[in-house]
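Overview (structure and organization)
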Amino acid sequence: MTMETAQFFTQHKSERVKIRYGPFTVPAMSVDSGMKNFEVPIAQKPCTDCLVTWAQAGLEYPNGTVANANNGLWLHHTVFVNTQKTATICPQGIKGDPFFASGNERTPADICVSG
């Protein structure tokens with residue numbers, strides 16, 4: 001986890017953190033079209049006793065450069081799930097309650113005053 005300059009609510013001593021999960025070894029395109037699922041059963045949290053107001057998915061190579069279609073990778077889907085809760089929508093579906101999802105578009109979830 002790395003700390004970055006806060007974007008919102010600086011008057012409340014907000015913090016912006018970047019959490020990396022992995023590294024993961026991605027198969028070649030010749031193996032299952034390069035598709036593979038990765039799971040992090042117990043993911044690092046950005047904080048405790050806090051409020052998350054903004055989130056964005058990304059994909060990086062181990063050296064920190066952005067991984068994207070133009071340099072060999074595609075973020076097909078990523079889903080964050082709270083496994084301690086039952087899903088609000090489709091409770092018989094996946095285990096847990098999904099609260100954030102993204103793909104290669106990497107659209108941020110902005111749930112603060114500007115969003």
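Quick summary incoming for the structure in this document. (Residues numbered from 1 in each chain as written. Predicted model: local features only at pLDDT ≥ 70, side-chain atom pairs only at ≥ 80, totals over all residues. Heavy atoms only, no water.)

A short note on the state of the cysteines
Taken as a whole and assessed by the stated rule, the structure comprises one disulfide. Disulfide partner of C47: C50, at an S-S distance of 1.7 Å. With the S-S dihedral at roughly 75°, the linkage between C47 and C50 falls on the right-handed side. For C47, a relative accessible area of 31% corresponds to the partly exposed category. According to the relative accessible area criterion, C50 is partly exposed, its value standing at 40%. (Disulfide = S-S within 2.5 Å. Buried < 20%, exposed > 50% of the residue type's maximum accessible area, 1.4 Å probe, protein only.)

Points about the packing of aromatic side chains
Scanning all chains against the criterion turns up four aromatic pairs. With centroids separated by 4.7 Å and ring planes inclined at 35°, the aromatic side chains of F24 and F38 adopt a geometry described as tilted. Highlighted residues: F24 in the loop between β2 (16-18) and β3 (54-55) and F38 in the loop between β2 and β3, separated in sequence by 14 residues. On the accessibility criterion, F38 (34% relative accessible area) is partly exposed. Ring pairing ties together the aromatic residues Y21, F80, F99 and F100, which thus form one cluster. (Phe/Tyr/Trp six-rings, centres within 6.5 Å; stacked < 30°, edge-to-face > 60°. Helix = DSSP H or I, 4+ residues; strand = E, 2+ residues; numbered from the N terminus.)

What to know about a nonpolar patch on the surface
Nonpolar side chains collect at one region of the surface, where F24, V26, F38 and V40 lie side by side and expose about 300 Å² of accessible area between them. With respect to the element layout, V26 can be found in the loop between β2 and β3. Residue classification places V26 among the partly exposed positions, given a relative accessible area of 40%. (Patch = residues over 30% accessible without salt bridge, like charges linked within 9 Å, V, L, I, M, F, W, Y side chains within 5 Å. Areas by Shrake-Rupley, 256 points an atom, 1.4 Å probe, with all protein chains shown as cover. Salt bridge = Lys/Arg side-chain N within 4 Å of Asp/Glu carboxyl O.)

Here we look at the side chain of T78
By the secondary structure assignment, T78 is in strand β4 (residues 78-82). Classification of T78 by relative accessible area gives buried; the value is 18%. Discounting residues that sit within four places of it in the chain, T78 has contacts with A57, F100, A101 and S102. (Contact = heavy atoms within 4.5 Å.)

Topic: the side chain of R106
For R106, the location among the structural elements is in the loop between β5 (97-102) and β6 (109-110). Buried charged residue R106 carries no salt bridge. Nearest counter-charge: E105, at 7.6 Å. A polar atom in the side chain of R106 sits 2.8 Å from the backbone oxygen of A67. (Lys, Arg positive; Asp, Glu negative; His and termini not counted. Polar contact = N/O pair within 3.5 Å; in protein donor to acceptor, adjacent residues only side chain to side chain.)

A word on the pattern of salt bridges
Note on pairing: side chains with opposite charge can pair once their charged atoms come close. In the structure shown here, the tally under the stated rule is two salt bridges. One salt bridge connects E60 with K18, and the closest N-O pair in it is separated by 2.6 Å. Here E60, found in the loop between β3 and β4, pairs with K18, found in strand β2; they are 42 residues apart in sequence, far enough to count as distant. When salt bridges that share partners are traced, they join K18, R20 and E60 into one network.

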